[in-house]
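Breakdown of the fold
Here is what each chain is made of, one letter per residue.
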Amino acid sequence: MMKALLTAAALLAAPAAMAQDENGAGEDAEGSQPAKASCDGIEFRAFDFWIGRWTVANNGEALPFAMNHIESVAEGCVIRETYTPMDGPMGVSMTTLEPDTGVWHQQWVGGVPGRVHFQGGPVGDLGDTMVLTGFWGTDNNGVPRLVRMTYTYREDGTVRQLGEASSDQGTSWQVSFDLIYTPYPPQ
């Protein structure tokens, strides 16, 4: 009986130890809130040049074949891509900086090949180029293809995404795709 009373008393006291603010965030018994993660540093802005609504076309061609909506989410900690081709499977990516290592990670999920993980980071001192690399599909011989994507902000307000593939672990590269992102609607 005494054990049951002590258990009931502990259960009744538990809510008092943890207060809830208007957003549902907990406070400890002293009323202080847990530390909030911040993605406000300049290192988190290295890929912000890609944020926007874009038409996507092959470099050198005027007619777009896809729309791409790139947005900052999760209080500036994640860049979310929603890729919508005019014909073919759509895809989504989430890109974020791992602050402990300084490495950027992108997880792409789409119709083909399914899920791909890229990693890398900004290059150069101008803050206008991001390089991400990962294994994406296989070549004609079934060898996993290493794909390097270089995103470059250009003076005319467009972004170029150059994709290069390697079947020899990065010793040699061949252009796989060369895309131009143009702001939409046109400015």
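Note that this is a predicted model, so its numbers are computed, not measured.

Description of the state of the cysteines
One pass over the structure, following the stated rule, counts one disulfide. Covalently, cysteine 39 is tied to cysteine 77 through a disulfide, its sulfur atoms 1.8 Å apart. Torsion about the S-S bond of the cysteine 39 and cysteine 77 cystine: about 100°, corresponding to right-handed handedness. With cysteine 39 in the loop between β2 (26–27) and β3 (52–58) and cysteine 77 in the loop between β4 (66–73) and β5 (78–85), the pair connects residues that are 38 residues apart, well separated along the chain.

Some words on the side chain of glutamine 161
Tracing the backbone through its elements, the reader meets glutamine 161 in strand β11 (residues 159–166). Owing to a relative accessible area of 5%, glutamine 161 belongs among the buried residues under this scheme.

Things to note about the pairing of β11
Taken across its eight residues, β11 has seven buried, putting it largely inside the fold. Pairing of strand β10 (residues 144–153) with β11 involves eight bridges; the strand directions are antiparallel. Looking at the pairing, leucine 146 lines up with serine 166 of β11. Hairpin remark: β10 followed by β11, antiparallel, with five residues in the connecting loop; positive phi at glycine 157, about 90°. Here β11 runs beside strand β12 (residues 174–183); their pairing, made up of seven bridges, is antiparallel. Opposite glutamate 164, over in β12, you have valine 175 as the bridge partner.

Let's talk about the side chain of serine 93
Tracing the backbone through its elements, the reader meets serine 93 in strand β6 (residues 91–98). Look at serine 93 and you get buried, because its relative accessible area is 0%. In this structure the side chain of serine 93 is engaged in a polar contact, spanning 2.6 Å, whose partner is the side chain of glutamate 81. Apart from the residues within four sequence positions on either side, serine 93 is in contact with Trp50, Ile79, Arg80, Glu81, Gln106, Gln107 and Trp108.

What about the nonpolar core?
Counting 27 residues, the largest nonpolar core has Phe47, Trp50, Trp104, Met130, Leu132 and Tyr151 as its most contacted members. Among all residues touching tryptophan 50, those that are not within four sequence positions of it are Asn68, Ile70, Ile79, Glu81, Ser93, Thr95, Gln106, Tyr151, Val159 and Tyr181.

Quick notes on the sheet that holds β6
Paired through backbone hydrogen bonds, the strands of a sheet run either parallel or antiparallel to each other. Ordered by their spatial adjacency, ten strands build a closed barrel running β3-β4-β5-β6-β7-β8-β9-β10-β11-β12, and the pairing between neighbours is antiparallel. Going from strand to strand, the sheet's axes swing by 25° on average, the running direction of each strand aside. Judged from the eight bridges that link them, strand β9 (residues 129–138) and β10 form a sheet pairing that is antiparallel. Along β10, the bridge assignment pairs methionine 130 with tyrosine 151.

Concerning the confidence of the model for the chain
Low pLDDT means the predicted coordinates in that region are not meant to be read closely. When pLDDT is averaged along the chain, the result is 84, and 79% of the positions lie at 70 or above. Within the chain, the lowest mean pLDDT, 37, falls on helix α1 (residues 2–17), and the highest, 98, falls on β3. Below a pLDDT of 50 lies the segment residues 1–26, which in the model reaches 15 contacts outside its immediate sequence neighbourhood of four places, other chains included.

Quick look at the packing of aromatic side chains
Applying the stated criterion to the full structure yields eleven aromatic pairs. Centroid distance tryptophan 50 to tyrosine 181: 6.2 Å. Interplanar angle 80°. Geometry classified as edge-to-face. One end of the pair, tryptophan 50, is in the loop between β2 and β3; the other, tyrosine 181, is in strand β12, and 131 residues separate them in sequence. The exposure class of tryptophan 50 is buried, given its relative accessible area of 0%. Classification of tyrosine 181 as buried rests on a relative accessible area of 1%. Taken together, the aromatic side chains of Phe47, Phe49, Trp50, Trp54, Trp104, Tyr151, Tyr153 and Tyr181 make up a single cluster linked through ring pairs. In this structure, arginine 148 packs its charged tip against the face of tryptophan 173, placed 4.0 Å from the ring centre.

Conventions and cut-offs
- Residues numbered from 1 in each chain as written.
- Predicted model: local features only at pLDDT ≥ 70, side-chain atom pairs only at ≥ 80, totals over all residues.
- Heavy atoms only, no water.
- Disulfide = S-S within 2.5 Å.
- Helix = DSSP H or I, 4+ residues; strand = E, 2+ residues; numbered from the N terminus.
- Buried < 20%, exposed > 50% of the residue type's maximum accessible area, 1.4 Å probe, protein only.
- Pairing = 2+ DSSP bridges.
- Polar contact = N/O pair within 3.5 Å; in protein donor to acceptor, adjacent residues only side chain to side chain.
- Contact = heavy atoms within 4.5 Å.
- Core = buried A, V, L, I, M, F, W, Y, C linked by side-chain atoms within 4.5 Å.
- Axes fitted to C-alpha atoms, helices over the stretch in contact; angles between N-to-C directions.
- pLDDT = per-residue confidence, 0-100.
- Phe/Tyr/Trp six-rings, centres within 6.5 Å; stacked < 30°, edge-to-face > 60°.
- Lys NZ or Arg CZ within 6 Å of the ring centre and 35° of its normal.

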